[in-house]
Amino acid sequence: SSELTQDPDVSVALGQTVRITCQGDSLRSSYAAWYQEKPGQAPLLVFYGKNSRPSRIPDRFSGSSSGNTASLTITGAQVEDEADYYCYSRDNRGDHLGVFGGGTKLTVL
Amino acid sequence: QVQLQQWGAGLLKPSETLSLTCAVYGGSFSGFYWTWVRQPPGRGLEWIADINQSGRTNYNPSLKSRVTISMDTSKKQFSLKLTSVTAADTAVYYCVREVRGIIITYPYFVFDIWGRGTMVTVSS
């Protein structure tokens, strides 16, 4: 399958922990990458692979993977974390075409 | 610092051809996959196509009949053409660099550098 499924909306109280998930068959054989998108800005890579975070990304962002599900966890969510989050990987067939999840809108209450 | 600078027409009429180009500054053109991604207003990201240094291309099946991605390695540029555009092609189009790697036995695919995006509107 070439689809990645995300919950459309997730909310979290300020300072609490939230997990955003991404499901798809391709995640059984490849890692996801996670992108944060805020209005008017290009997406920003926040986590990828087994345990890789770009240097400018706060360490409250972490990721994990199990079976067909990848997760992005924000520990101690901040107001500035309110954004849309997308997972990305490549499907596990033939040409390995790129595929994004549908996106999760995170609201920090 | 690697930067992607993109340009192209921002307003098209239905049935016209969208044409965008992206130039790579401050880094190598080889060893990466060069990709186009789009985002319609209020909607999610959509992978369109990519090309590698060898010229190998991949296309989103939903757009494959209308899309061509190409590159000019001497200029460190890659381009997107989308024919017969309709209002459904209205979107912000991004050029992106993809890095690939392997951790233990699992591959990862990462868009680490993004262009600023070009808003393309299709309207009569």
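Residues numbered from 1 in each chain as written. Chains lettered and ligands numbered in written order. Predicted model: local features only at pLDDT ≥ 70, side-chain atom pairs only at ≥ 80, totals over all residues. Heavy atoms only, no water.

1. Focus: the overall build of chain A
When you go through chain A residue by residue, the secondary structure sums to 0 helices and 9 strands. For 109 residues, the compact-globule estimate of 2.2 N^0.38 gives 13 Å, and the C-alpha radius of gyration of chain A, at 13 Å, lies within 12% of that figure. For chain A, the spread of C-alpha atoms along the three principal axes comes to 40 × 25 × 25 Å. Counting only residues that meet the buried cut, chain A has 50% of its 109 residues in that class. Intrachain contacts of chain A at a sequence separation of at least 6 include 57% that bridge at least 24 residues. A total accessible area of about 5000 Å² is found for chain A, and carbon and sulfur atoms account for 43% of it. Separation of charge centres in chain A, based on 10 positive and 12 negative side chains, amounts to 7 Å. (Helix = DSSP H or I, 4+ residues; strand = E, 2+ residues; numbered from the N terminus. Rg over C-alpha atoms; globule rule 2.2 N^0.38 Å. Buried < 20%, exposed > 50% of the residue type's maximum accessible area, 1.4 Å probe, protein only. Contact = heavy atoms within 4.5 Å. Areas by Shrake-Rupley, 256 points an atom, 1.4 Å probe, with all protein chains shown as cover. Lys, Arg positive; Asp, Glu negative; His and termini not counted. Charge placed at Lys NZ, Arg CZ, Asp CG, Glu CD.)

2. Focus: the overall build of chain B
Counting secondary structure elements, chain B contains 0 helices and 11 strands. Counted from the first residue to the last, chain B has its helices and strands arranged as β-β-β-β-β-β-β-β-β-β-β. Against the globule reference of 14 Å for 124 residues, chain B gives a C-alpha radius of gyration of 14 Å, in line with a compact fold. Judged by the C-alpha coordinates and their principal axes, chain B covers about 50 × 30 × 25 Å. Taken across its 124 residues, chain B has 49% of its residues classed as buried. If you take every contact in chain B between residues at least 6 apart in sequence, the share linking residues at least 24 apart comes to 53%. For chain B, the separation between the mean place of its 12 positive charges and that of its 7 negative charges on side chains is 2 Å.

3. Concerning the nonpolar core
Residues and elements named next belong to chain B. Grouped together as the largest cluster of nonpolar side chains are 28 residues, with contacts concentrated most on Leu18, Trp36, Phe78 and Tyr93. For this core, the secondary structure elements donating two or more residues are strand 3 (18–25), strand 4 (33–39), strand 5 (46–52), strand 7 (67–72), strand 8 (77–82), strand 9 (91–103) and strand 11 (118–122). Looking at which element gives the most residues to this core, the answer is strand 3, with 4 residues. For Tyr93, the contacting residues outside a window of four places in its chain are Gln6, Leu18, Leu20, Val37, Arg38, Ile48, Leu80, Leu82, Gly117, Thr118 and Val120. (Core = buried A, V, L, I, M, F, W, Y, C linked by side-chain atoms within 4.5 Å.)

4. Description of the pattern of salt bridges
Evaluated as defined, the whole model comprises 10 salt bridges over all chains. Arg60 of chain A serves as the salt-bridge partner of Asp81 of chain A, at 2.8 Å between the closest nitrogen and oxygen. Pair noted here: Asp81 of chain A is in the loop between strand 6 (69–74) and strand 7 (83–90) and Arg60 of chain A is in the loop between strand 4 (44–48) and strand 5 (61–66), with a separation of 21 residues, a long-range link. For Arg60 of chain A, a relative accessible area of 17% translates into the label buried. Close ionic contact of Asp50 of chain B with Arg90 of chain A constitutes a salt bridge, the shortest N to O distance being 2.4 Å. Placement of Asp50 of chain B in strand 5 and of Arg90 of chain A in strand 7 is noted, with the two residues assigned to different chains. Each member of the pair Asp50 of chain B and Arg90 of chain A is classed as buried. What emerges from the salt-bridge pattern is a single network uniting Arg90 of chain A together with Asp50, Glu98 and Arg100 of chain B. (Salt bridge = Lys/Arg side-chain N within 4 Å of Asp/Glu carboxyl O.)

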